[in-house]
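# Coordinates in review
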Amino acid sequence: MEIRENIFQALQALKAHKLRSFLTTLGIVIGVTTVITMLSLIQGMNRSVQGQIRSLGSNTFYIQKFPAIRMGRLGEKYRKRKDLTIEDAQAIARLCPAVKKASAYAQEFPVRAKYKGEKTPYISLIGGTPEFLELHQYSLERGRSLTPLDVQHRRAVVVLGADITEDLFPHLDPIGQQVLIKGHRFTVVGTLEPKGNFLGESMDDFVITPITTLMKFYGKRRRSVTIVVEPVSVEATQLAIDQATQVLRRRRGVPYDQPNDFEIMTLDMLMDVYKKLTGSVFGAMVGIAGISLLVGGIGIMNIMLVSVTERTREIGIRKAIGAKRSDILYQFLIEAVTLSGLGGILGIGLGVGIGELVGAISPLPATIPIWSIILGFTFSAAVGIFFGIYPASKAAKLNPIAALRYE
Amino acid sequence: MNFRELWEGVRMAIGSLWMHKVRALLTILGVIIGVMTVITIISLIQGLNRAVSQQVAGLGANVFYLQKYPWFAGRDWFEYRNRKNLTLEDAQAIAQLCPSVKNIAPVLYSGKVIKYKDRSTERVGIWATTPSYQEVRNTTVERGRFFTQTELNHRRQVCIIGRTIVQGLFKDEEPLGSYIRIGGRKFRVVGVQEKKGSMFGNDMDAAVIIPITTFRKLFGTHRSVTILVEAKSGLFEQAKDEVTSLMRRRRQVPPKKPNDFAINTQDTIMNVYKNLTRILFLVMVGISSISLLVGGIGIMNIMLVSVTERTREIGIRKAIGAERKDILLQFLIEALILSGIGGIIGLGLGGGVGKLISAVTPLKATTPLWSIILALGFSSAVGLCFGIWPAAKAARLNPITALRYE
């Protein structure tokens, strides 16, 4: 079939009515631009949240006494749960072959750190182990991290988050200085590189001390630890979850017919919650943006109908000298698709541009997923076919005699 | 120009649109879809806002909450921990010394488990207050009675319970006169509160009201009192000022320091809600009006086609004496009719979709009057904007070349 000739003809016909073609295409351009811009902004936002969640630790999961995300008040069944302990974490590390590292941490919140005249806002004091910083991908800026000996000897040492260093020691080397936190003196042994914000909350506003020190100074009672577990590999995550569950059920004496009396939270769950919260809003936005594409499609149909009427004589002549129905059909269909396809390409270009622009001037990051480009183009072409088919078939069905006689 | 000319223009426009029915229909369809989307979105947003403000209105229209902490304090909450507690004496002072205050009700709140025989509830809200609570919160008992001033003075262990608790604990038994245990202490049920519904997903009927003196006797006096202040009508701001200056004096806040207490109102909640949703809603309406823009482009396109097609007609009209403005008006009216009809139908459909959504989902849509005016105005503006160029093009045609046009 002479596709090339058809396209050539279509372009000629469009060129004959430049303004009209331009306006028709403009409708599609606006529609596609809107959809692509929305998609790239949404995708960019999702990507950045995902990145931030990943930066909490690659495939680690958390074990806690209470569910991390809860609505309203906790029921009685949660409040009577036993606390998780450091020993639980050690048992998981020792007994689960699929677990690479397991570390317990607890926190004292809120506290204020003081150094001479300077004071921090209310922050949390984390009692952790040397693995805590590795698992959460913090890197050391100065000094040293916590050591197993610090933990063993319950030393009063702290590593400062970047915000705290900024607050207390803006012009001074903090290493070796003593800070006062809730009635106890701690020696600063290290400071951390800043890690930035997560969902608007700073991740650098904490200080960390050995968990044993925290328990010694501020008491063990009513302090359930959180256990961070890193599986040996990404594939072993589920296995590690199962093994850790078993170990904990045994240690906590949960009868076989009872549900777990602790909560396991993976980072995927966090991602799921985010997706659930935002999914329907984002869907609605893209859907509404798509409506303008529909309106643009109606514009194409309308102009194609006009074009068929105008060229009735031309169609008559073509038919008279031997053009078949399918030839006429293709001619007009290709014209419609050319209009919408052109609009699609321009719209994608503009959408990508606007996305980049918004990404450049605002904190919203935009990423243009390749599938959205393909989708945008396919969709606009589909719009052309869908709204072009009626005018095209109307043209194809014309009776050559009546068409030639048409004035 | 007079009315006759205008009418003539309208008749001509309708006639020419009638000649090309499909074309007119499709052009209008674009506008319809655009207007419908905008109206639907606006009605849904409006409905949502209405629902939120109705729930907030449950706090009382002319009432503010004098508290130690502001609502939505977030992290700053810890900064306020060292504030002095508000006391019952503060409440009494407000009642005596603030002339714009109509009524006050001090409230203490705590969560406690309630037991009756072998049945018990989860922790529910215990509201400890005075009899004036009824007027301030505009609540009444459905059966039985509220506790009296005497019971308040004598710290009697009596309570009014909410509907949810009646259902949870008593089933078919008579609650009035029976004894329940609140946090382990025995209370006699003297009334059942009328149904309050839920506020932001919290069941307001899972509540118990007891005398504030009894609460302090049994559960301690360390809590800060929340003081509900009802202003005399029209004197809301004045009452707020009076209470603020009185409290500053009582709490000895130095002149240049900020208040060390918080006055919370319905607006506090509404502002937070609006801040959270404003941008999202604006984006939604913005995106939906893009389809209206695309519809407008469709009108312009078709009008241009129509001008080209009718070049000869324009030539003839001009030759027999039509002025520029007559031609301009003719085509402008045509464009306006297209967009106007689209706007009206779109409005109807948008309202319908809103109604439909309210019928099948819990979301309640309301179409505000301003959105109707906005939609009609906007769609006419679209017709005017996108119609003016084709109309001007037609009006500028030279009659001689127009007549020669084939």
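When its secondary structure is counted, chain A shows 14 helices and 14 strands. In terms of C-alpha radius of gyration, chain A reaches 33 Å, well past the compact-globule figure of 22 Å for 407 residues. Principal-axis analysis of the C-alpha atoms gives chain A an extent of 105 × 60 × 35 Å. For chain A, with 407 residues in total, the buried portion stands at 50%. The long-range share in chain A, meaning contacts at least 24 apart out of those at least 6 apart in sequence, stands at 78%. Roughly 20100 Å² of accessible area belongs to chain A as shown, and the carbon and sulfur atoms make up 59% of that amount. Across chain A, 48 positive and 34 negative side-chain charges occur, with their mean positions spaced 5 Å apart.

By the assigned domains, chain B splits into domain 1 (3-55 + 271-404) and domain 2 (63-264). Of note, the centres of domain 1 of chain B and domain 2 of chain B, computed from C-alpha atoms alone, are 55 Å apart.

So, about unusual backbone geometry. For the bond running from phenylalanine 109 of chain A to proline 110 of chain A, omega is -5°, close enough to zero to count as cis. Take proline 110 of chain A: it is sitting in strand E2 (residues 99-111). The phi angle at lysine 117 of chain B is positive, at roughly 50°, despite the residue not being glycine. Exposure remark for lysine 117 of chain B: the relative accessible area of 61% places this residue in the exposed category. Located in the positive-phi region is arginine 155 of chain B, a residue other than glycine, with phi close to 50°. Relative to the elements of secondary structure, arginine 155 of chain B occurs in the loop between helix H5 (149-153) and strand E5 (158-161).

Take the pattern of salt bridges next. Residue and element names in this part refer to chain B. Taken as a whole, this structure holds 27 salt bridges over all chains when the rule is applied. Between glutamate 230 and lysine 102 there is a salt bridge, with its nearest N and O atoms 3.8 Å apart. One end of the pair, glutamate 230, is in strand E11 (residues 226-231); the other, lysine 102, is in strand E2 (residues 101-116), and 128 residues separate them in sequence. For glutamate 230, a relative accessible area of 12% translates into the label buried.

Attention shifts here to the packing of helix H9 (residues 266-309) of chain B against helix H11 (residues 324-360) of chain B. All names here are of chain B. Contact pair H9 / H11: the axes reach a minimum separation of 11 Å and the direction vectors enclose 145°. As H9 packs across H11, the resulting crossing turns out to be right-handed. Contact residues: H9 offers Ile299, Met303, Ser306 and Val307, while H11 offers Phe331, Glu334, Ala335, Leu338 and Ser339. Each residue belonging to the contact of H9 with H11 can be placed in one class, and the counts come to six nonpolar, two polar and one charged.

Time to look at the interface of chain B and chain A. Between chain B and chain A, the residue contacts involve 36 residues of the former and 37 residues of the latter. For the pair chain B and chain A, the two sides together bury roughly 3300 Å², of which 72% comes from carbon and sulfur. The interface formed by chain B and chain A holds four residue pairs in polar contact (both at pLDDT 80 or more) in total. Of all the secondary structure elements, the ones that give two or more residues to the side of chain B that touches chain A are helix H2 (21-57), E2, strand E3 (119-129) and H9 of chain B. Here the side of chain B that touches chain A is composed, by residue class, of 21 nonpolar, eight polar and seven charged.

Grouped together as the largest cluster of nonpolar side chains are 75 residues, with contacts concentrated most on Ile94, Ile161, Ile180, Ile182, Val208 and Ile210 of chain B. Of all the elements, E2 of chain B adds the most residues to this core, at seven residues. Setting aside anything within four residues of it in sequence, one finds isoleucine 182 of chain B in contact with Lys112, Val113, Ile114, Ile126, Cys159, Phe187, Val208, Ile210 and Phe219 of chain B. Residues Leu14 and Val295 of chain A together with Ile39 and Leu332 of chain B belong to the second largest nonpolar core, which totals 61 residues.

A word on the packing of aromatic side chains. Two descriptors summarise a pair of aromatic rings, namely the distance from one centre to the other and the angle between the planes of the rings. Taken as a whole and judged by the stated rule, the model has twelve aromatic pairs over all chains. Considering the side-chain rings of tyrosine 116 of chain B and phenylalanine 170 of chain B, the 4.3 Å spacing of their centres and the 40° angle between planes classify their relative orientation as tilted. Of this pair, tyrosine 116 of chain B sits in strand E2 while phenylalanine 170 of chain B sits in helix H6 (residues 163-170), placing them 54 residues apart in sequence. Members of the aromatic cluster, connected to one another through ring pairs, are Phe186, Phe217 and Tyr218 of chain A. Looking at lysine 195 of chain A, its charged tip hangs above the ring of tyrosine 138 of chain A, at a distance of 4.4 Å from the centre.

Turning our eyes to something else, we now look at a positive patch on the surface. Residues Lys80 of chain A together with Lys115, Arg181 and Lys186 of chain B make up a contiguous surface patch of positive charge. Among the residues examined, lysine 80 of chain A registers a relative accessible area of 68% and is labelled exposed.

To continue, consider the environment of asparagine 62 of chain B. All names here are of chain B. Checked against the element boundaries, asparagine 62 lands in the loop between H2 and strand E1 (63-67). Asparagine 62 gets classed as partly exposed once you look at its relative accessible area, which sits at 21%. Residues asparagine 62 and leucine 376, spaced 314 residues apart in sequence, show a C-alpha to C-alpha distance of 37 Å. Excluding residues that lie within four positions of it along the chain, asparagine 62 makes contacts with Val229, Glu230, Ala231, Lys232, Ser233, Gly234 and Phe236.

Turning our eyes to something else, we now look at the side chain of histidine 136 of chain A. All names here are of chain A. Tracing the sequence through the fold places histidine 136 in the loop between helix H5 (130-135) and strand E6 (140-143). For histidine 136, a relative accessible area of 7% corresponds to the buried category. A polar contact of 3.0 Å, which involves the side chain of histidine 136, links it to the backbone oxygen of phenylalanine 132.

The next thing to look at is the pairing of strand E7 (residues 185-193) of chain B. Remark: a regular strand shows side chains that alternate across the two faces of the sheet. Residues and elements named next belong to chain B. Note that strand E4 (residues 141-144) and E7 share three bridges and pair antiparallel. For valine 141, the partnering residue across the bridge sits in E7 and is glutamine 193. As paired elements, E5 and E7 share four bridges and run parallel to each other. Paired with isoleucine 160 across the two strands is glycine 191, which belongs to E7. Joining the antiparallel neighbours strand E6 (residues 179-182) and E7 is a turn of two residues, in which glycine 183 adopts a positive phi near 55°.

All names here are of chain A. Of the pairings in the sheet, the one linking E2 to strand E13 (residues 226-231) comprises six bridges and is antiparallel in character. Across the sheet, the residue bridging to lysine 101 is glutamate 230, located in E13. Two elements, E2 and strand E5 (residues 123-128), share four bridges in a ladder whose sense is antiparallel. Across the sheet, glutamate 108 pairs through a bridge with leucine 125, a residue of E5.

To continue, consider the packing of helix H12 (residues 325-361) of chain A against helix H13 (residues 370-396) of chain A. Residues and elements named next belong to chain A. Axis separation between H12 and H13 bottoms out at 7 Å; the angle between their running directions is 150°. Put simply, H12 runs roughly antiparallel to H13. Considering only the axes of H12 and H13, their crossing is right-handed. Of the residues that constitute the contact of H12 with H13, the class distribution is 16 nonpolar, eight polar and one charged.

Attention now goes to the confidence of the model for chain B. The predicted coordinates ought not to be read in detail in places where the model reports low pLDDT. In this model, chain B carries a mean pLDDT of 87, and residues with pLDDT of at least 70 account for 99%. Taken element by element, the predicted model of chain B shows its lowest mean pLDDT in strand E8 (residues 198-199) of chain B (74) and its highest in E5 of chain B (94).

What counts as what
Residues numbered from 1 in each chain as written. Chains lettered and ligands numbered in written order. Predicted model: local features only at pLDDT ≥ 70, side-chain atom pairs only at ≥ 80, totals over all residues. Heavy atoms only, no water. Helix = DSSP H or I, 4+ residues; strand = E, 2+ residues; numbered from the N terminus. Rg over C-alpha atoms; globule rule 2.2 N^0.38 Å. Buried < 20%, exposed > 50% of the residue type's maximum accessible area, 1.4 Å probe, protein only. Contact = heavy atoms within 4.5 Å. Areas by Shrake-Rupley, 256 points an atom, 1.4 Å probe, with all protein chains shown as cover. Lys, Arg positive; Asp, Glu negative; His and termini not counted. Charge placed at Lys NZ, Arg CZ, Asp CG, Glu CD. Domains from an automatic or database assignment. Salt bridge = Lys/Arg side-chain N within 4 Å of Asp/Glu carboxyl O. Axes fitted to C-alpha atoms, helices over the stretch in contact; angles between N-to-C directions. Left-handed = near helix turned anticlockwise from the far one by under 90°. Nonpolar A, V, L, I, M, F, W, Y, C, P; charged D, E, K, R; others polar. Buried area = accessible area lost by both parts, 1.4 Å probe. Polar contact = N/O pair within 3.5 Å; in protein donor to acceptor, adjacent residues only side chain to side chain. Core = buried A, V, L, I, M, F, W, Y, C linked by side-chain atoms within 4.5 Å. Phe/Tyr/Trp six-rings, centres within 6.5 Å; stacked < 30°, edge-to-face > 60°. Lys NZ or Arg CZ within 6 Å of the ring centre and 35° of its normal. Patch = residues over 30% accessible without salt bridge, like charges linked within 9 Å, V, L, I, M, F, W, Y side chains within 5 Å. Pairing = 2+ DSSP bridges. Parallel < 35°, antiparallel > 145°, perpendicular 65-115°, else oblique. pLDDT = per-residue confidence, 0-100.

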